[in-house]
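Residue-level listing of the chains:
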Amino acid sequence: GAVVSQHPSRVICKSGTSVKIECRSLDFQATTMFWYRQFPKQSLMLMATSNEGSKATYEQGVEKDKFLINHASLTLSTLTVTSAHPEDSSFYICSASQTVSYEQYFGPGTRLTVT
Amino acid sequence: DAKTTQPPSMDCAEGRAANLPCNHSTISGNEYVYWYRQIHSQGPQYIIHGLKNNETNEMASLIITEDRKSSTLILPHATLRDTAVYYCIVSSNFGNEKLTFGTGTRLTIIP
């Protein structure tokens, strides 16, 4: 099956700093990428949907100026958590899909810890 | 998207068939039933999907009732590696539509 990678897999940063997470589709072109967040013992919550070359669509309650999403190519989307705070500590997961596909392919996730 | 209801947890003996139910009584005509699973601290993994016919692949079988208001995911010979949270999701028929994850069923395979 198609492979989606994320980098880094784990990151620890200090409060107030910014962190960038990359999501790559390794063997296919992803027209759409999704970013999810998962807190401990909870389900995945969709943060935003991004289509290559256009602005991301954010879910209600997700601050677009805090969670910057860039989908500049068909194989790469980035999520930047700006001015991170301890409450932003979470498991961030991306997924990607092709135009004609019934599946979304998920990355392995990035665990962010803000101290 | 239609809402789904799943039992919060289930146990199954290793080697036996695991049957995971899902209710989706408000499913609409163009919505598919998707199953994903998430092993601890990993990204979700696609298992199977279907519209109205039963489906089978190398991982599992999906049985959808005739009225499409419920479905059952069957893992025919469960192994310890099948321990995970299983999500039943209803969504329109393209992968580029957003998925709404519920709370899922935590399946534990007992040795």
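Residues numbered from 1 in each chain as written. Chains lettered and ligands numbered in written order. Predicted model: local features only at pLDDT ≥ 70, side-chain atom pairs only at ≥ 80, totals over all residues. Heavy atoms only, no water.

**Quick notes on the interface of chain B and chain A**
A common measure of how large an interface is: the accessible area buried when the components associate. Here is the rule: Residues count as neighbours in contact if any of their non-hydrogen atoms are within 4.5 Å of one another. When two components associate, each loses some accessible surface as probed by a 1.4 Å sphere; the sum of these losses over both components is called the buried area. A pair is scored as a salt bridge if a Lys or Arg side-chain nitrogen falls within 4 Å of a carboxyl oxygen belonging to Asp or Glu. Pairs of N or O atoms are called polar contacts if they sit within 3.5 Å, as long as, within protein, a hydrogen donor faces a hydrogen acceptor (for residues adjacent in sequence, only side-chain-to-side-chain pairs). Segments assigned H or I by DSSP are reported as helices when at least four residues long, segments assigned E as strands when at least two residues long, and all are numbered from the N terminus. Residue polarity follows a fixed list, in which Ala, Val, Leu, Ile, Met, Phe, Trp, Tyr, Cys and Pro are nonpolar, Asp, Glu, Lys and Arg are charged, and the others, Gly among them, are polar.
With 21 residues of chain B at the contact, the number on the chain A side is 21 residues. Buried surface at the junction of chain B and chain A, summed over both partners, amounts to about 1700 Å²; 53% is from carbon and sulfur atoms. Among the salt bridges present, the one from Lys98(B) reaches Glu59(A), with a minimum N-O distance of 3.1 Å. For the interface between chain B and chain A, the tally reads four residue pairs in polar contact (both at pLDDT 80 or more). Mapped onto the side of chain B that touches chain A, the elements with two or more residues apiece are strand E3 (31-38) and strand E4 (45-50) of chain B. Top contributing element to the side of chain B that touches chain A by residue count: E3(B), with four residues. Class assignment of the residues belonging to the side of chain B that touches chain A gives a composition of nine nonpolar, ten polar and two charged.

**Side note on the state of the cysteines**
By definition, a disulfide links the sulfur atoms of two cysteines through a covalent bond. Defined as follows: Cysteine sulfur atoms that pair up within 2.5 Å are treated as a disulfide. Any residue under 20% of the maximum accessible area for its type is buried, any over 50% is exposed, and the rest in between are partly exposed; the area is computed with a 1.4 Å probe on protein chains only.
Counted according to the given criterion, the structure contains two disulfides over all chains. Across a sulfur-sulfur distance of 2.0 Å, Cys23(A) and Cys94(A) are joined as a disulfide pair. Judged by the sign of its S-S torsion, about 80 degrees, the bond between Cys23(A) and Cys94(A) is right-handed. A residue pair is termed long-range when its members are at least 10 positions apart, and Cys23(A) in strand E3 (residues 19-25) and Cys94(A) in strand E9 (residues 90-97) qualify at 71 residues. According to the relative accessible area criterion, Cys23(A) is buried, its value standing at 0%. Here Cys22(B) connects covalently by a disulfide to Cys88(B), the sulfurs 2.1 Å from one another. Judged by the sign of its S-S torsion, about -80 degrees, the bond between Cys22(B) and Cys88(B) is left-handed. Here Cys22(B) is found in strand E2 (residues 18-23), whereas its partner Cys88(B) is found in strand E8 (residues 84-92), with 66 residues between them in sequence.

**Regarding the packing of aromatic side chains**
Rules: Working definition: rings of Phe, Tyr and Trp (its six-membered ring) pair if their centres are within 6.5 Å, and the pair is stacked with planes under 30 degrees apart, edge-to-face with planes over 60 apart, and tilted otherwise. Comment: the charge-over-ring label is applied if NZ (Lys) or CZ (Arg) is within 6 Å of the ring centre and within 35 degrees of the ring normal.
In this structure the tally under the stated criterion is ten aromatic pairs over all chains. Aromatic pair Phe34(A) and Tyr36(A): ring centres 6.5 Å apart, planes at 40 degrees, arrangement tilted. Assigned by exposure class, Phe34(A) and Tyr36(A) land together as buried. An aromatic cluster of at least three residues, connected via ring pairs, comprises Phe34(A), Tyr36(A), Phe106(A), Tyr36(B), Tyr46(B), Tyr87(B) and Phe101(B). The ring of Phe67(A) is capped by Lys66(A), whose NZ or CZ atom sits 5.9 Å from the centre of that ring.

**Quick notes on the sheet that holds E8(B)**
All names here are of chain B. Short version of the rule: In short, DSSP must find at least two bridges between two strands for them to pair. For helices, the fitted line uses only the C-alpha atoms of the stretch in contact; every axis is such a line through C-alpha atoms, and the angle between N-to-C directions lies from 0 to 180 degrees.
The sheet built from five strands is open, its strands ordered E1-E9-E8-E3-E4 with mixed pairing. Either end of the sheet is taken by a strand with one partner, and the two such strands are strand E1 (9-13) and E4. Averaged over all pairs of adjacent strands, the angle between strand axes in this sheet comes to 25 degrees, irrespective of strand direction.

Geometry only, nothing functional implied.
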